[in-house]
Amino acid sequence: MEKILIFDTTLRDGEQSPGFSMNIQEKMQVAKQLEKLNVDIMEAGFPIASEGDFQAVRAIAKNIKHSKIAALARTEDKDIDRAWEAIKEAAHPVIHTFISTSELHLKYQLYLSQEEVLEKAIHAVKRAKSYTPYVEFSAMDATRTDREYLCRVVEEAIKAGAVTINIPDTVGYAIPQEFGDLINHLMKNVSNIHRAILSVHCHNDLGLAVANALAAVQYGVRQVECTINGIGERAGNASMEEIVMSIRTRKDFFKHLYTQIVTEQIHPTSRLLTQITGISVQPNKAIVGSNAFAHESGIHQDGLLKEKITYEIMTPESIGISQSTLVLGKHSGRHAFKDRLKKLGYELSDEEVNILFKQFKDLADKKKEVFDEDLEALIAEEFLRIPEKYKLINLNAISGTGAIPTATVEMEVDGMVVKEAGFGDGPVDAAFKTIAKITGTKSKLLKFLVNAITGGTDAQGEVTVRLEENGLVATGQGAHTDIILASAKAYINALNRLAHLSHS
Ligand code: KIV
Ligand code: ZN
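S.K.: A description of the coordination of the zinc ion (ligand 2) should follow, citing residues and the corresponding values.
M.R.: Bound to the zinc ion (ligand 2) are the protein donor atoms Asp 13 (OD), His 201 (NE2) and His 203 (NE2), situated 2.0 to 2.1 Å from the metal. Counting along the primary sequence, the residues that act as donors to the zinc ion (ligand 2) give the motif D-x187-H-x1-H. Taken as a pair, Asp 13 in helix 1 (residues 10-14) and His 201 in strand 8 (residues 197-202) lie far apart in primary sequence, 188 residues in all. With relative accessibility at 5%, the residue His 201 sits in the buried group.

S.K.: Any details on the site of ligand 1? Residues and values, ideally.
M.R.: Taken together, the neighbourhood of ligand 1 is formed by Arg 12, Asp 13, His 96, Phe 98, Ser 138, Met 140, Asn 166, Pro 168, Thr 170, His 201 and His 203. Note that an oxygen atom of ligand 1 is positioned 3.0 Å from one of the side-chain N or O atoms of His 203. Residue assignment for the shell around ligand 1 shows that the elements contributing at least two residues are helix 1, strand 5 (93-100), strand 6 (134-140) and strand 7 (164-169). Among the residues forming the shell around ligand 1, the class breakdown is 3 nonpolar, 6 polar and 2 charged.

S.K.: Just give me the short version of the sheet that holds strand 17 (residues 460-469), but keep the residues and values in it.
M.R.: Strand order in the open sheet formed by 3 strands is 16-17-18, and the pairing between neighbours is antiparallel. With one partner strand each, in any of the chains shown, strand 16 (444-453) and strand 18 (472-480) form the two edges of the open sheet. On average, adjacent strands in this sheet sit at an angle of 15° to one another, irrespective of strand direction. For strand 17 and strand 18, the ladder comprises 9 bridges, and the chain directions are antiparallel. Paired with Glu 462 across the two strands is Ala 479, which belongs to strand 18.

S.K.: So what's going on with the sheet that holds strand 13 (residues 390-398)? Which residues, and what values?
M.R.: Pairing is antiparallel across the open sheet formed by 3 strands, whose spatial order is 13-14-15. One side of each edge strand has no neighbouring strand; the edge strands of this open sheet are strand 13 and strand 15 (416-423). Direction aside, neighbouring strands of the sheet carry axes that sit 15° apart on average. Pairing of strand 14 (residues 406-413) with strand 15, which is carried by 8 bridges, proceeds in the antiparallel orientation. Considered in strand 15, the bridge of Thr 406 is made with Phe 423. Most of the contacts of helix 16 (residues 427-439) go to strand 14, to which it runs at about 35°, and overall it touches strand 13, strand 14 and strand 15. Sitting on the sheet, helix 17 (residues 483-503) touches strand 13 and strand 14, and the angle it makes with strand 13 is about 150°.

S.K.: Describe the packing of helix 8 (residues 176-189) against helix 9 (residues 209-217), with residues and values.
M.R.: Where helix 8 meets helix 9, the closest approach of the two axes is 8 Å, and the angle between their N-to-C directions is 35°. Considering the relative orientation of helix 8 and helix 9, their crossing is right-handed. Of the residues in helix 9, those in contact with Pro 176, Phe 179, Gly 180 and Ile 183 of helix 8 are Ala 211, Asn 212, Ala 215 and Ala 216. Of the residues assigned to the contact of helix 8 with helix 9, the class counts are 6 nonpolar, 2 polar and no charged.

Calculation criteria
Residues numbered from 1 in each chain as written. Chains lettered and ligands numbered in written order. Predicted model: local features only at pLDDT ≥ 70, side-chain atom pairs only at ≥ 80, totals over all residues. Heavy atoms only, no water. Donors = N, O, S within 2.8 Å, 3.2 Å for Na, K, Ca; no water. Helix = DSSP H or I, 4+ residues; strand = E, 2+ residues; numbered from the N terminus. Buried < 20%, exposed > 50% of the residue type's maximum accessible area, 1.4 Å probe, protein only. Near = heavy atom within 4 Å. Polar contact = N/O pair within 3.5 Å; in protein donor to acceptor, adjacent residues only side chain to side chain. Nonpolar A, V, L, I, M, F, W, Y, C, P; charged D, E, K, R; others polar. Pairing = 2+ DSSP bridges. Axes fitted to C-alpha atoms, helices over the stretch in contact; angles between N-to-C directions. Contact = heavy atoms within 4.5 Å. Left-handed = near helix turned anticlockwise from the far one by under 90°.

Any functional reading would require information beyond the geometric quantities listed.
Next up, the structure:
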């Protein structure tokens, strides 16, 4: 059996795309979850890009012990030095250096000749190698690069010390058959290719990223760069869950290949990313979309009831969705509760369990049935928290035909109790305006997203709010069976994050 290494770039290529930026704490949380998923390498960021990125990569490098930690660097000395500075405390530090090799990029962007680019690549790999044995080199825009030149660059990068050679389809231009052929060409024409691991990094502009990556694997590629939920520059990167589950589900086709991903952590990781960024995946998204395991048609349901394999090629449990979604009710005890949390992948201290148990009981009083998703929301609410400058004590909102939407809010601000009332276009708007008045904040609402967790009219509403103030951006979450209350909690959570950011 041969292993396909999973190089996760959610925190770099994914995080750099619009709407997905995360602060240090959020990146750290995703990194911890990626480690549970057992990714081989996680690319934590691009340290030269900003001080925030540098600090996030450094924190991840210090705290993650199992996965290798990669930092991105152009071929400039200052990039490589900065990347090393950020990852030098990692257990397994990887410097990933890159330069464009296509004629198009050389002519219109870099204004360099092929020889100059080759020299820069060699120099960068050697410099990175002086810091760490794990050096990856990427020939950016490889799929639009002259093949002969690409072979030369790859050969020289390996000679200079690169142990991984990445072939990016930077603009998502390749077609699977053609991409497989390119990999085959490199395998046959680069004399020292077997001294390095060949990797691919596919973008999804034509919706072919996963297909291209899987085609490359057929020709000897042994590392795939990918992201959770397929996030990334423009149309995104190859989605990790699709790559991993394709290899696992079609063992008959990818006969001798496997990944070390703990697939049962796929769904929790996808959910965590959604909760942190506030960007949901489309319902029909393969593997992690909310409809991915929902069977609506009568014929399909009939088949499933007779034998699951008729219409289900993989089980929901294999990606971490519990089949027994109904978990607990108000009569459930602490032991069952703790056991359920453990099954969901949360190892919590007794103190943390006690806090959650009380909240669970309150929820179970309001809701007859408490589902796994409800528990995840409670955990996110409680443990994605940061110090609370602002606390909600009471909220009353009035709305309806003929009534002016009004909210009365009682809050604690730095330990002082303050009460105010205000109007708005609707009850949520009234609540937000009143909270802003109480806290004296002037943030701009960038995003307001409501999701029903589980079905039924007693479902918990999960609200995500993204705010901006003084150039800082923060996302807050709130969950409650009362949607106005969930919104106010999310808003206050985001304000607390902004306050925390402005002091850190
Ligand atoms: O898409 C790309 O080419 C990249 C490189 C930096 C690997 O993200
Ligand atoms: Zn990319």
